[in-house]
Amino acid sequence: MPNESVLIIEDEKLVRWSLKERLKKENYEVHDAETGAAGLEILGQSLIDLILLDFRLPDMTGLDVLKKTMTAWPETPVILMTAYSSVDSAVEAIKLGAYDYINKPFNHDEMVVTIGRALESSRLRREVRHLRAEQQARYGLSNIIGRSPAMQEVFRLIEKIAMSQATTILLTGESGSGKDLVAKAIHYASNRMNQPFMTITCSALPETLLESELMGHEKGSFTDARFLKKGLFELADGGTVFLDEIGDMGVLLQAKLLRFLQEKTFKRVGGVKDITVDVRIIAATNRDLGKAVQDGRFREDLFYRLKVIPVSLPALRERREDIPALVKFFIDGFNREFKKSTRGITGEALEHLMAYAWPGNVRELRNVIERAMILENKPEIALEDLPREIRDWVQQEDSVVPDGFRLPESGFSLKQIEQEMVRQALDKTAGNQSRAARLLSVSRDTLRYKMKKYGLL
Ligand SMILES: Nc1ncnc2c1ncn2[C@@H]1O[C@H](COP(=O)(O)OP(=O)(O)OP(=O)(O)O)[C@@H](O)[C@H]1O
Ligand SMILES: [Mg+2]
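Rules and cut-offs
Residues numbered from 1 in each chain as written. Chains lettered and ligands numbered in written order. Predicted model: local features only at pLDDT ≥ 70, side-chain atom pairs only at ≥ 80, totals over all residues. Heavy atoms only, no water. Helix = DSSP H or I, 4+ residues; strand = E, 2+ residues; numbered from the N terminus. Rg over C-alpha atoms; globule rule 2.2 N^0.38 Å. Buried < 20%, exposed > 50% of the residue type's maximum accessible area, 1.4 Å probe, protein only. Contact = heavy atoms within 4.5 Å. Areas by Shrake-Rupley, 256 points an atom, 1.4 Å probe, with all protein chains shown as cover. Domains from an automatic or database assignment. Phe/Tyr/Trp six-rings, centres within 6.5 Å; stacked < 30°, edge-to-face > 60°.

Here we come to the overall build of the protein. Secondary structure assignment for the protein yields 19 helices and 14 strands. Over its C-alpha trace the protein gives a radius of gyration of 33 Å, far above what one expects of a compact globule, namely 23 Å for 457 residues. With respect to the principal axes defined by its C-alpha atoms, the protein has extents near 115 × 60 × 45 Å. Each of the 457 residues in the protein was classed as buried or not, and the buried ones make up 43%. Restricting to contacts in the protein with at least 6 residues of sequence separation, those with at least 24 account for 68%. Surface accessibility of the protein: about 25300 Å² in total, with carbon and sulfur atoms responsible for 52%.

Written as structure tokens, this is what we have:
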């Protein structure tokens, strides 16, 4: 790694020279300038990692130079040096974005420590920015595959929600249907994207521990609480907290969560002070929360509060048309990851994937492709590379409904369909009620009841 470079902008020759000698010994690459203008010129020509800036320069003030560097090189930390300990200008400098200021005459050791710290923090900031950009690319909407109308609807919803003011969102969907993925996509598509995204799985911790993870605790609030600890709500201020498996949260904590959702305030465990933060809560569950409410395991008021903005992810078997694109997406991904060159999948194998019921949804599909690619090194994934349950799968139940029998976009009344089917069955059997009942898989009594209901008797 090349040495980091420091630019000294200072008009006093002796100060400049002695600092330069010292910093060279610390292995920095040192540039120096006598005036603000000369300093700015150097900044325009060389890569500078840190600026040491005198307050009083012959041609302009340090603050003027600072304003210019903050605009043109906002990432480069600036340390101001001042002989006049004027608190006002120091405060002003920090407000403008200076990293720190040091009073003259200063001790060189102290200066070296401050420079080291400033460079470290700017390295960390660069790293965070890099990681965030990577996350944004990885968790962007473009990485959620779905051409089916059901998924297109989900995308439209995500985009709308992400930029909205909504602070509570409920994600539902079977295991493996993409709830984690969607929660991250909402965060990274929102204006909260540069703030933290934090996840916690409610089923993973006992209730009291979960509470202190979420809300933090005061020092001494329980035996192990030797220090004050901030919880996720505080740490993620400005960002998003993803509460996975919300259905497993204990009832006492549910009450506290409800209060937080309604008032945006909470208390740390053992605390008396109300703390106010701005976080968006995305809660997820693969269970039927409505049923949990009926069973008394989930607070009804919390359920309704969470449900204001629901996003429900369709199971994979309800959107089989997405399977080819998902298969391609996973093959491409594993090709990169495993350095393989699988081109695709045989028609026969794909047919089986399209027919299978996918109880584990997209996660299961991903695992199937991963396994096939780890075990084999063929140009195409073939039927024999798939697990037995998929190879042997025979289409069941859902093929009973004849093809082309699709619910229109505008919806349809079940009653009307029933009435029409009863009529057709009687038509087909020339009014023979026993045979018509058999065609509809109902008893003759049921048929007669329905005939009466629809005025067909
Ligand atoms: N539409 C999709 N496009 C691409 N990958 C997907 C999609 N949906 C899910 N995946 C992938 O499938 C796997 C499971 O998804 P995810 O973890 O989001 O499911 P989940 O709904 O949170 O499941 P659980 O309820 O078990 O927590 C992940 O590897 C995810 O990247
Ligand atoms: Mg999940």
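Back to the text.
Right, let's talk about the side chain of threonine 429 for a bit. Take threonine 429: it is sitting in the loop between helix 17 (414–428) and helix 18 (433–439). On the basis of relative accessible area, threonine 429 is assigned to the buried category, the value being 5%. Not counting residues up to four positions away in its chain, the partners in contact with threonine 429 are Arg435, Ala436 and Leu439.

The subject of this paragraph is the domain arrangement of the protein. Frequently, the measure chosen for interface size is the accessible area removed from exposure when the parts meet. Taken domain by domain, the protein holds domain 1 (5–132), domain 2 (139–312), domain 3 (317–391) and domain 4 (414–453). Inter-centroid distance (C-alpha atoms) of domain 1 to domain 2 is 43 Å.

Glancing now at the packing of aromatic side chains. Scanning the entire structure with this criterion turns up ten aromatic pairs. Look at phenylalanine 233 and phenylalanine 266: their rings are 5.7 Å apart centre to centre, the planes differ by 70°, and that puts the pair in the edge-to-face class. Residue phenylalanine 233 is found in helix 9 (residues 232–235), and its partner phenylalanine 266 is found in strand 9 (residues 265–266); the two are separated by 33 residues along the sequence. There is no split in this pair, since phenylalanine 233 and phenylalanine 266 are both buried. With 5.2 Å between their ring centres and 10° between their planes, phenylalanine 334 and phenylalanine 338 make a pair best called stacked. Pair noted here: phenylalanine 334 and phenylalanine 338 are both in helix 13 (residues 323–338), with a separation of four residues, about one helical turn. The exposure class of phenylalanine 334 is buried, given its relative accessible area of 2%. Judged by its relative accessible area of 24%, phenylalanine 338 falls in the partly exposed class. Here the aromatic residues Tyr139, Tyr188, Phe197 and Phe242 are joined through ring pairs into a cluster of three or more.

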